[in-house]
Amino acid sequence: MAQKIHVTPGGLTRTAAKAGIITAGLFLLFGMGFGFVVLSDMPDSETGLKLLVGAFFCLWVVVCITMIVMYLRLLSKPTNFEGNSLVDLDYAKTSDTGSGDFDARLRKLEQLKRDALITETEYLGKREQILGEEW
């Protein structure tokens with residue numbers, strides 16, 4: 001009985017979250033450097049343009065920091081990440097045993113729920129699917 005680790009639809013892998021943090025951090029550094037160069041090279045007579053450019057780069061910084069915080073919060077939650085959460089319980093059925101070992105599958109499902117590796121909704125859905133199979 002092979003187990004497959006999968007990410008729920010709309011979920012995010014741990015690697016993708018880390019890549020998002022790195023990307024947002026690089027965008028933050030680039031934006032701050034670019035903003036400093038643009039604002040320092042702009043003539044003093046362009047006050048309105050300086051305010052507009054300054055507002056844009058402030059928004060840039062806020063968006064980058066928000067992205068970093070969002071990804072860090074996602075990393076702190078173990079669910080919806082590969083390697084830490086959802087295990088696909090669609091075991092390969094063997095030809096000699098029929099539908100597989102219901103007892104073992106239900107116990108494994110219960111353990112996943114108890115360890116908070118799957119949500120209550122996922123637990124109930126998978127349990128109903130297992131119990132709906134032919135015994």
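Everything quoted here is computed from the prediction, not taken from an experiment.

Engineer: Any chance you could break down the nonpolar core for me, citing the residues and the numbers?
Structural biologist: Counting six residues, the largest nonpolar core is built from Phe102, Leu109, Leu112, Ile118, Tyr123 and Ile130. Mapped onto this core, the elements with two or more residues apiece are helix H3 (102–114) and helix H4 (120–132). For this core, the element with the most residues is H3, which contributes three residues. The residues contacting Tyr123, other than those within four sequence positions of it, are Leu109, Glu110, Lys113 and Ile118.

Engineer: Describe H3, listing the residues and the values that go with them.
Structural biologist: Here H3 spans 18 Å end to end across 13 residues, near enough to the 18 Å set by a 1.5 Å rise per residue. Taken as a whole, H3 has its buried residues at Phe102, Arg105, Leu109 and Leu112. The arc enclosing the buried residues of H3, seen along the axis, measures out at 95°, which places them on a common side. Seen from the open side of H3, the exposed residues pointing more than 90 degrees away from its buried face are Arg107 and Arg114. Downstream of H3 by one or two residues, Ala116 has phi in the positive range, about 60°.

Engineer: Requested: an account of the packing of helix H1 (residues 14–41) against helix H2 (residues 47–76), with residues and values cited.
Structural biologist: Closest axis-to-axis distance for the H1/H2 pair is 9 Å, and the angle between their directions is 165°. In this view, H1 runs roughly antiparallel relative to H2, as classed from their interaxial angle. The handedness of the crossing between H1 and H2 is left-handed. Class assignment for the residues of the contact of H1 with H2 results in 21 nonpolar, five polar and three charged.

How each quantity is defined
Residue numbers run consecutively from 1 along every chain, following the written order of its sequence. Per-residue local features of the predicted model are confined to residues with pLDDT of at least 70, and side-chain atom pairs are confined, for both listing and counting, to 80 or more; whole-chain, interface and lining totals are unaffected and use all residues. Side-chain metrics rest on all non-hydrogen atoms present in the structure, leaving aside hydrogens and water. Nonpolar cores were defined as sets of buried Ala, Val, Leu, Ile, Met, Phe, Trp, Tyr and Cys residues, with membership established by side-chain atoms within 4.5 Å. Using a 1.4 Å probe on the protein chains alone, a residue whose accessible area is under 20% of its type maximum counts as buried, one over 50% counts as exposed, and one in between counts as partly exposed. Under the DSSP-based scheme used, a helix requires at least four consecutive residues in state H or I and a strand at least two consecutive residues in state E, with every element numbered from the N terminus. Whether two residues are in contact is decided by their heavy atoms, any of which lying within 4.5 Å being enough. For a helix, the expected span equals 1.5 Å multiplied by the number of residues minus one. The arc refers to the directions leading from the helix axis to the C-beta atoms. For helices, the axis comes from a line fit to the C-alpha atoms of the stretch in contact; other axes are also lines fit to C-alpha atoms, and the angle between any two N-to-C directions lies between 0 and 180 degrees. Roughly parallel means an angle under 35 degrees; roughly antiparallel means over 145; roughly perpendicular covers 65 to 115; every other angle is labelled oblique. In this scheme, a crossing is called left-handed if the near helix is turned counterclockwise away from the far one by less than a right angle; it is called right-handed if the turn is clockwise. Three categories are distinguished: nonpolar for Ala, Val, Leu, Ile, Met, Phe, Trp, Tyr, Cys and Pro, charged for Asp, Glu, Lys and Arg, and polar for the others, with Gly belonging to the last.

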